[in-house]
Amino acid sequence: MKTPNPIPTYTEAFEELQEIVRQMENADISVDDLSSKIQRASLLIKICKDKLTKTEEEVTKIMGEIK
Amino acid sequence: MENQRETFNDHPIYTLSEIGASLRSVIAKNYPRAYYIKAEIIKLNFYPRSGHCYPELVEKEGTQTKAQMRAIIWAAQYQAINERFRRITGEPLKEGIGILCLATVEFDMKHGLSLFIQDIEPTYTLGEMAKNKLMVIEKLKKEGIFNANKEKKLPLLPQRIAVISVETSKGYSDFMVTLNNNAYGYRFYCQLFPSILQGDKAIITIPAQLNEIKNASSPFDCVVIIRGGGGDVGLSCYDDYRLVSAVANFPLPIIAGIGHSTNETITDMVAFESKITPTDVANFFIERYHNFDKIIEENKSYIFSKASLIIKEEKNKVAQLEYFRNNIAAQFLTREKNIINQIESKYVSLALKITAKERAEITQLENLLLFETKTRINLEKSSISNALNNLKFNFTKIIDPQSKKIDNNKQLLHLFSKQLLNKQKVEINNADAKLGLLHPDNILRRGFSITYLNQKSITDSNDVKPKDEIVTKLYKGEIKSVVT
């Protein structure tokens with residue numbers, strides 16, 4: 001079984017974020033899932049944003065702290 | 001009258017200067033003016049101290065040298081010729097290029113035969129260079145690598161950038177400043193791989209640095225080649241097959257910022273991306289980051305506004321349900337209850353009134369029904385037995401005469417068959433008696449005999465040959481005999 005990477009790469013994060021947007025557009029998200037999805041989206045946005053403004057070494061360090 | 005000439009075996013002996021003088025006068029006489037000659041410079045032999053240039057010219061056929069001659073460009077002409085050549089072709093006079101020169105042919109007694117170059121026509125070389133360029137493009141296409149680098153994948157956010165450039169060059173500084181001082185605070189990791197960027201040496205050093213990048217311990221996302229500030233001279237190296245094929249074949253995407261204003265080089269054509277200036281290359285990266293950033297921002301605002309919208313909608317739904325429960329549902333329930341109560345009380349009183357009278361009526365109806373049913377059944381029974389009797393009577397009326405007729409026929413048939421059988425019997429007996437007369441035994445009894453050959457009766461004496469064994473059958477016994 002494929003275990004999901006707890007810290008996705010920014011490409012994975014970007015794709016997952018797009019998927020969440022798609023689900024919301026199609027009203028595929030129930031209210032029960034909403035809060036967990038929003039939390040996930042926040043993490044994904046942070047990963048993507050960090051990639052833009054920090055070099056890889058810095059990002060790895062920060063993600064380590066989050067964990 | 002000159003001195004007596006020495007001879008050898010009656011042949012006159014000449015001095016070297018006599019032969020030289022003769023050659024010089026013959027050449028001067030036969031080549032009286034300057035000629036346009038096309039050739040390739042195989043060695044330039046420029047001496048900066050004196051300013052003279054002694055190029056070695058060749059004509060090649062394939063890889064073979066077909067002709068080779070020394071030439072001389074005096075310092076007085078060299079500066080002007082080289083300057084014009086550089087201005088028009090973008091390259092100085094150098095080894096390996098084809099030229100069209102205007103030259104006189106002279107023989108010097110000390111230095112031998114030389115071409116004295118008075119002028120060189122740069123447009124001819126330009127044409128040669130264009131032809132070579134086309135040939136290189138053709139070759140790359142034929143090898144299937146012309147688009148190879150373009151097909152490489154550049155990560156969404158290229159962060160580790162290998163830079164081939166010169167640390168002190170304006171192009172490198174432009175690139176780094178634009179990249180690192182971007183307004184959005186995007187961060188990139190760059191590593192410089194210093195290299196000569198123009199002239200023939202670039203053909204060797206750029207591929208060598210590409211190789212370094214390929215073997216670097218931590219992988220890069222892409223390579224940029226940054227040049228700038230050196231003018232447009234010496235760029236023909238970016239059309240050279242050795243450099244261009246290294247770029248085309250490189251496993252990482254290469255972004256070229258060679259910085260030129262004239263013709264696109266083949267390196268620009270085969271590179272993953274080509275920008276004219278180093279600043280453009282930096283902006284290429286910043287734009288890519290910014291586009292990504294924009295999408296993330298859009299997603300972010302969409303997700304959060306959509307989420308609050310969803311929550312708001314849900315809240316409304318809940319509020320509606322609550323209102324319904326609190327007001328409408330309660331009202332509805334009370335009304336229903338009232339109606340049910342009313343119906344109940346009406347029904348009970350009505351039911352009590354009805355019972356006694358109704359019961360008597362129902363019993364009466366029951367008795368009536370029973371009587372009606374019985375009468376009906378009896379009626380049906382008698383009509384059925386009548387019908388049966390009728391049927392029986394009609395049946396015998398039809399059947400009786402028919403059966404009598406059949407009995408008569410039966411007796412007649414019996415009689416006829418008996419008569420027919422007797423007649424047949426008499427005929428058979430007659431036939432039997434006749435057949436008895438014809439039986440072979442009856443014939444043999446009268447003295448006839450049958451002769452057999454191989455168990456077949458013989459009726460013709462020609463059927464037997466001498467030495468055949470025949471059997472003669474008599475009424476009693478047989479005779480075996482041999483034909484003679």
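The rules behind each value
- Residues numbered from 1 in each chain as written.
- Chains lettered and ligands numbered in written order.
- Predicted model: local features only at pLDDT ≥ 70, side-chain atom pairs only at ≥ 80, totals over all residues.
- Heavy atoms only, no water.
- Pairing = 2+ DSSP bridges.
- Helix = DSSP H or I, 4+ residues; strand = E, 2+ residues; numbered from the N terminus.
- Contact = heavy atoms within 4.5 Å.
- Salt bridge = Lys/Arg side-chain N within 4 Å of Asp/Glu carboxyl O.
- Polar contact = N/O pair within 3.5 Å; in protein donor to acceptor, adjacent residues only side chain to side chain.
- Nonpolar A, V, L, I, M, F, W, Y, C, P; charged D, E, K, R; others polar.
- Buried < 20%, exposed > 50% of the residue type's maximum accessible area, 1.4 Å probe, protein only.
- Core = buried A, V, L, I, M, F, W, Y, C linked by side-chain atoms within 4.5 Å.
- pLDDT = per-residue confidence, 0-100.
- Axes fitted to C-alpha atoms, helices over the stretch in contact; angles between N-to-C directions.

Some remarks on the pairing of strand 7 (residues 112-120) of chain B
Residue and element names in this part refer to chain B. One ladder, built from two bridges, connects strand 5 (residues 64-72) with strand 7; its direction is parallel. When the bridges of strand 7 are listed, Ile 72 appears paired with Phe 116. Relative to strand 7, strand 6 (residues 98-108) runs antiparallel, the two being bridged by eight bridges. From the neighbouring strand, Glu 106 faces strand 7, where its bridge partner is Ser 114. Between the end of strand 6 and the start of strand 7, which pair antiparallel, lie three residues.

Focus: the interface of chain B and chain A
In this assembly, 27 residues from chain B lie in contact with 24 residues from chain A. Put simply, chain B and chain A have two salt bridges between them. Lys49(A) is the salt-bridge partner of Glu297(B), the closest N and O atoms lying 2.6 Å from each other. For the pair chain B and chain A, the interface holds nine residue pairs in polar contact (both at pLDDT 80 or more). In terms of residue count, the dominant contributor to the side of chain B that touches chain A is helix 8 (residues 278-438) of chain B (16 residues). Grouping the constituent residues of the side of chain B that touches chain A by class yields 17 nonpolar, three polar and seven charged.

A look at the pattern of salt bridges
Taken as a whole, this structure holds 19 salt bridges over all chains when the rule is applied. Notably, a salt bridge pairs Lys46(A) with Asp50(A), separated by 3.1 Å at the nearest N-O pair. Taken as a pair, Lys46(A) and Asp50(A) lie in helix 2 (residues 31-53) at a separation of four residues, close to a single helical turn. You can call Asp50(A) buried: its relative accessible area is 5%. Salt-bridge contacts for Lys60(B) lead to Glu40(B); the nearest nitrogen and oxygen are separated by 3.9 Å. Remark: Glu40(B) occurs in strand 3 (residues 35-43) and Lys60(B) occurs in strand 4 (residues 56-61); sequence separation between them is 20 residues. By relative accessible area, Lys60(B) is classed as partly exposed at 38%.

Quick word on the nonpolar core
In this structure, Ile161(B), Phe175(B), Leu179(B), Val224(B) and Phe285(B) are the most contacted members of the largest nonpolar core, which totals 43 residues. Contributions of two or more residues to this core are made by helix 1 (10-25) and helix 2 of chain A together with strand 8 (160-165), helix 4 (170-180), strand 10 (222-226) and helix 8 of chain B. Sort the elements by how many residues they give to this core and helix 8 of chain B lands first, with eleven residues. When neighbours within four sequence positions are excluded, Val224(B) is seen to be in contact with Ile161(B), Ala162(B), Val163(B), Ile164(B), Phe175(B), Ile255(B), Val281(B) and Phe285(B).

Description of the confidence of the model for chain A
Fine structural detail should not be taken from predicted coordinates in areas where pLDDT scores are low. Across chain A, pLDDT averages 78, with 73% of residues at or above 70. When the elements of chain A are averaged for pLDDT, helix 3 (residues 56-66) of chain A gives the smallest value, 65, and helix 1 of chain A the largest, 88.

Looking at helix 6 (residues 241-249) of chain B
Every buried residue belonging to helix 6 of chain B is among Leu243(B), Val244(B), Ser245(B), Val247(B) and Ala248(B), and all of these are buried. Considering only its buried residues, helix 6 of chain B is in contact with helix 3 (122-142), helix 5 (200-214), strand 10, strand 11 (254-257) and helix 7 (266-270) of chain B.

As for the sheet that holds strand 8 of chain B
Residue and element names in this part refer to chain B. Taken together, the five strands give an open sheet; going across it, the order is 9-8-10-11-12, and neighbouring strands pair in parallel fashion. Edge positions in the open sheet fall to strand 9 (189-194) and strand 12 (273-274), since each of these has one partner strand only. Judged from the two bridges that link them, strand 11 and strand 12 form a sheet pairing that is parallel. The residue bridging Ile 255 from the neighbouring strand is Glu 273, located in strand 12. Of the strands in this sheet, strand 8, strand 9, strand 10 and strand 11 touch helix 5, which is tilted by about 160° from strand 8.

Focus: unusual backbone geometry
Residue and element names in this part refer to chain B. At Asn 45, a position not held by glycine, the phi torsion is positive, near 50°. Structurally, Asn 45 is set in the loop between strand 3 and strand 4. Residues other than glycine seldom take positive phi values, yet Asn 454 does so here, at roughly 50°. In this structure, Asn 454 sits in the loop between strand 13 (450-453) and strand 14 (456-457). Overall, Asn 454 belongs to the exposed group, its relative accessible area being 64%.

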